[in-house]
Amino acid sequence: EERLFRARELNEAGKSQLALQELELAEKEKLPRGASAKARLALARSALQFSSGDEKAAAKSLDEALKGQPSVASAALMIRARRALKEDDNKKAKSLFAEVDRRFPKDSDADDAAFMVGWIDFKDEKFAEAAESFDAFAKKHLRSRRRDEALWYKGLCRLRLGKYVEASLAFD
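A few points on the structure.

Conventions used here
- Residues numbered from 1 in each chain as written.
- Predicted model: local features only at pLDDT ≥ 70, side-chain atom pairs only at ≥ 80, totals over all residues.
- Heavy atoms only, no water.
- Helix = DSSP H or I, 4+ residues; strand = E, 2+ residues; numbered from the N terminus.
- Buried < 20%, exposed > 50% of the residue type's maximum accessible area, 1.4 Å probe, protein only.
- Contact = heavy atoms within 4.5 Å.
- Polar contact = N/O pair within 3.5 Å; in protein donor to acceptor, adjacent residues only side chain to side chain.
- Axes fitted to C-alpha atoms, helices over the stretch in contact; angles between N-to-C directions.
- Left-handed = near helix turned anticlockwise from the far one by under 90°.
- Nonpolar A, V, L, I, M, F, W, Y, C, P; charged D, E, K, R; others polar.

**Notes on the side chain of Asp 112**
At step 1: Note that Asp 112 resides in helix α7 (residues 108–123).
At step 2: The exposure class of Asp 112 is buried, given its relative accessible area of 16%.
At step 3: Setting aside residues up to four positions removed in sequence, Asp 112 forms contacts with Met 78, Arg 145 and Arg 146.

**Quick notes on the side chain of Ser 61**
At step 1: Within the fold, Ser 61 resides in helix α4 (residues 55–65).
At step 2: The exposure class assigned to Ser 61 is buried, which follows from its relative accessible area of 3%.
At step 3: Side chain to side chain, Ser 61 and Gln 49 meet in a polar contact 2.7 Å long.
At step 4: In contact with Ser 61, other than residues within four places in its own chain, are Ala 42, Arg 45, Ser 46 and Gln 49.

**A look at the packing of α4 against helix α5 (residues 70–86)**
At step 1: Relative orientation of the contacting elements α4 and α5 amounts to 145°, with a least axis distance of 8 Å. Between α4 and α5 lies a crossing whose hand is left-handed. Two secondary-structure elements touch here, α4 through Glu 55, Ala 59, Leu 62, Asp 63 and Ala 65 and α5 through Val 72, Ala 73, Ala 76, Ile 79, Arg 80 and Arg 83.
At step 2: For the contact of α4 with α5, the class distribution of residues is seven nonpolar, no polar and four charged.

Written out as structure tokens, the structure is:
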């Protein structure tokens, strides 16, 4: 845990290579014991590898992180989904976000993931699908900080579809 903390601090200070070396030392010393500790280390390593441009190694680290406890696996899937979104692979991103919400419904990432499913449809101008996704989000994530935003987007989708009465109801 100490080396992981040090690696995070070094990364935040803009010293990603030193942070990566810190994680490598932890692995050499066989400090991460157990699947959960190894997965947390792999998740941290993947972020550093992505920032240094080593996509292949980062993907491998994410595979390892997916074998960890639910919070780590969820975070790894979120990284994959965001990377797909960044690469304009909306279909893949939507699928990965939906998987986070399905596999880890109690994890805090599920909220953002479920919202992103609707947002991707909205961005792709698939307003009917987006409205359904935002409606499902609002029903499933009753205490979400994004619930009001989802309902607003649902109303906006209805407006874009020319369904003014339904839009009005969504905004109420």
